[in-house]
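Each chain is listed here by its residues.
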Amino acid sequence: MIPNVPKPASQLRLAGLEEESIVDGPGLRFVVFTQGCRNNCKGCQNPHTHSYSGGTVYEVEDLLSRYATNPLLSGMTFSGGEPFDQALALCTLADGVHSLGGDVVCYTGYTFEHILDLVHDEGPDSPRAALLDKADILIDGPYVEALRDLDLLFRGSSNQRILDRKARAEIAATLR
Ligand code: SF4
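As the structure is a computational prediction, the values presented were derived from the model and not from experiment.

Our next topic: the packing of helix H3 (residues 112-122) against helix H5 (residues 165-175). For the pair H3 and H5, interaxial distance at closest approach is 11 Å and the crossing angle is 65 degrees. Considering their axes alone, H3 and H5 lie roughly perpendicular with respect to each other. Crossing hand, H3 versus H5: right-handed. Of the residues in H5, those in contact with Phe 112, Glu 113 and Leu 116 of H3 are Arg 168, Ile 171, Ala 172 and Leu 175.

Next up on the list: unusual backbone geometry. Peptide bonds are, in most cases, trans, and in most cases residues other than glycine have a negative phi. The omega torsion across Gly 80 and Gly 81 is 0 degrees, close enough to zero to call that bond cis. In this fold, Gly 81 is placed in the loop between strand S4 (75-79) and helix H2 (87-99). At Phe 154, a residue that is not glycine, the phi angle is positive and equals roughly 65 degrees. By secondary structure assignment, the location of Phe 154 is in the loop between strand S6 (137-140) and strand S7 (161-164).

With that settled, consider the site of the ligand. The environment of the ligand is made up of 13 residues, and the closest members are Cys 37, Cys 41, Cys 44, Gly 109 and Tyr 143. Here the shell around the ligand is composed, by residue class, of five nonpolar, seven polar and one charged.

This part covers helix H4 (residues 127-134). All of the buried residues in H4 are Pro 127, Arg 128, Leu 131 and Leu 132. For H4, the buried positions fall inside an angular range of 135 degrees around the axis, keeping them on one side. For H4, the secondary structure elements touched by its buried residues are H2, strand S5 (103-107) and H3.

Each value, and the rule that gives it
Residues numbered from 1 in each chain as written. Predicted model: local features only at pLDDT ≥ 70, side-chain atom pairs only at ≥ 80, totals over all residues. Axes fitted to C-alpha atoms, helices over the stretch in contact; angles between N-to-C directions. Helix = DSSP H or I, 4+ residues; strand = E, 2+ residues; numbered from the N terminus. Parallel < 35°, antiparallel > 145°, perpendicular 65-115°, else oblique. Left-handed = near helix turned anticlockwise from the far one by under 90°. Contact = placed C-beta atoms within 7 Å. Near = placed C-beta within 6 Å. Nonpolar A, V, L, I, M, F, W, Y, C, P; charged D, E, K, R; others polar. Buried ≥ 20, exposed ≤ 12 C-beta atoms within 10 Å, placed from the backbone. Arc of directions from axis to C-beta.

Given below as structure tokens:
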């Protein structure tokens, strides 16, 4: 069973922040790196993000205040660690970003199909279901060292996919 780390909707445990990035999605982006991941991808570049008790706890309101001060930002990116293990607070953050006119990119070490399985078990009102719905772009799949490709846009290995809402709907339709 993959954990969905319980946290207040108002707080996130983060490994770090990048307030201006051009490599984590389209445009200039504010990036939050969530703390905690059990995917154990061989060759992971961020092993310090794996512990669920490490990192620093941030208030979602504080993150939104920082985000709102930079008018050049296109949106916010949720990276990790595993964002889908802190889905509840990330939903609050995504709502705030959307209300400020930005878009949301969410990375995950899970495949989209696996998240659909989780959501099937957890229910349509679960935090993971909500986060899936709020992500304008999902970049999915574990990092696979054997498929590492430094030329890929926004990804580390060629199994990972950039899935907008339309692409996700098309995949989901094939699974019915
Ligand atoms: S999902 Fe990301 S953080 Fe987690 S082990 Fe894989 S590469 Fe590392």
